[in-house]
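Chain by chain, the residues:
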Amino acid sequence: MRWAVLYARSRALPASFAALTASMAVIWFFARDRWSEIPVSLALLVAIAVTAIGLSGQDVDLDRTAAIRWAPRRALHLLLIGGVGIGAVLLPRLWEAERVPMEIIVRNAGGLLGLAGVAAVLFGGAFGWTLPLAGFAVAFVVWATTSGTESVHLVVTWPFQPAGVAEATWTAVVLAVAGLGSYAVYGARR
């Protein structure tokens, strides 16, 4: 148990969970009567972004020289972030009448989580929030300003597509696999 506690503290998990709780309460308060795809996707983005800041420890060199296998721990850490994000988004389903399909929640969580993993590898664990936020912002601007059914539009706006859109699903799957694989193998950048 001591290893898990030390790992959680070195990854700023207590602060991340406090920020997650506060941000989910604020998002739900403002979107309580309209808990549809947009607020759910925004809540999922915020949940993953605030917990992704702990994708690297305080000393990256110490992480890299430790005599333990980091790949499974990194993959598990990323998957736990996704699970916590999904749980935070699903909690309001207990009392909200409007329910977003589970396929959209899982698809968006996987894609955003993959972007967080890639951001940690490219920019460092403290910047794991950058690519999910940038990807979400670009997708929202393109989705809000244009409409179309061509494949490029569906790929770029994947977080805002309805359930059953193959291009959106495959985009999220590719992002999830790329992010999980690269973060598990390489870890966060120094």
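Quick caveat: nothing in here was measured; it's all calculated off a predicted structure.

Chemist: How should the overall build of the protein chain be read in this particular structure?
Modeler: Per the secondary structure count, the protein chain includes nine helices and zero strands. Going residue by residue from the N terminus, the α and β elements of the protein chain occur as α-α-α-α-α-α-α-α-α. Residue burial in the protein chain is summarised as follows: out of 190 residues, 43% are buried. Once local pairs closer than 6 in sequence are excluded, the contacts in the protein chain between residues at least 24 apart make up 71%. Here the protein chain displays about 9800 Å² of accessible surface, and carbon together with sulfur accounts for 72% of that area.

Chemist: Would you mind showing me how to read helix 2 (residues 13-31) here?
Modeler: If you check helix 2, its first and last C-alpha atoms are 26 Å apart, about what 19 residues at 1.5 Å a residue would give, namely 27 Å. Three or more residues of helix 2 are buried, namely Leu13, Ser16, Leu20, Ser23, Met24, Ile27 and Ala31. Summarising the axial view, the buried residues of helix 2 lie within an arc of 105°, below the 170-degree limit, and thus occupy one face. Pointing more than 90 degrees away from the buried face of helix 2 are the exposed residues Pro14 and Thr21.

Chemist: In this structure, what is going on with a nonpolar patch on the surface? I would like to understand it.
Modeler: A cluster of nonpolar side chains, Ile53, Leu122, Phe123, Phe127, Trp129 and Leu133, forms an exposed patch at the surface whose accessible area comes to about 530 Å². Following the sequence through the fold, Trp129 ends up in the loop between helix 6 (102-123) and helix 7 (130-145).

Thresholds applied
Residues numbered from 1 in each chain as written. Predicted model: local features only at pLDDT ≥ 70, side-chain atom pairs only at ≥ 80, totals over all residues. Heavy atoms only, no water. Helix = DSSP H or I, 4+ residues; strand = E, 2+ residues; numbered from the N terminus. Buried < 20%, exposed > 50% of the residue type's maximum accessible area, 1.4 Å probe, protein only. Contact = heavy atoms within 4.5 Å. Areas by Shrake-Rupley, 256 points an atom, 1.4 Å probe, with all protein chains shown as cover. Expected span 1.5 Å × (residues − 1). Arc of directions from axis to C-beta. Patch = residues over 30% accessible without salt bridge, like charges linked within 9 Å, V, L, I, M, F, W, Y side chains within 5 Å. Salt bridge = Lys/Arg side-chain N within 4 Å of Asp/Glu carboxyl O.

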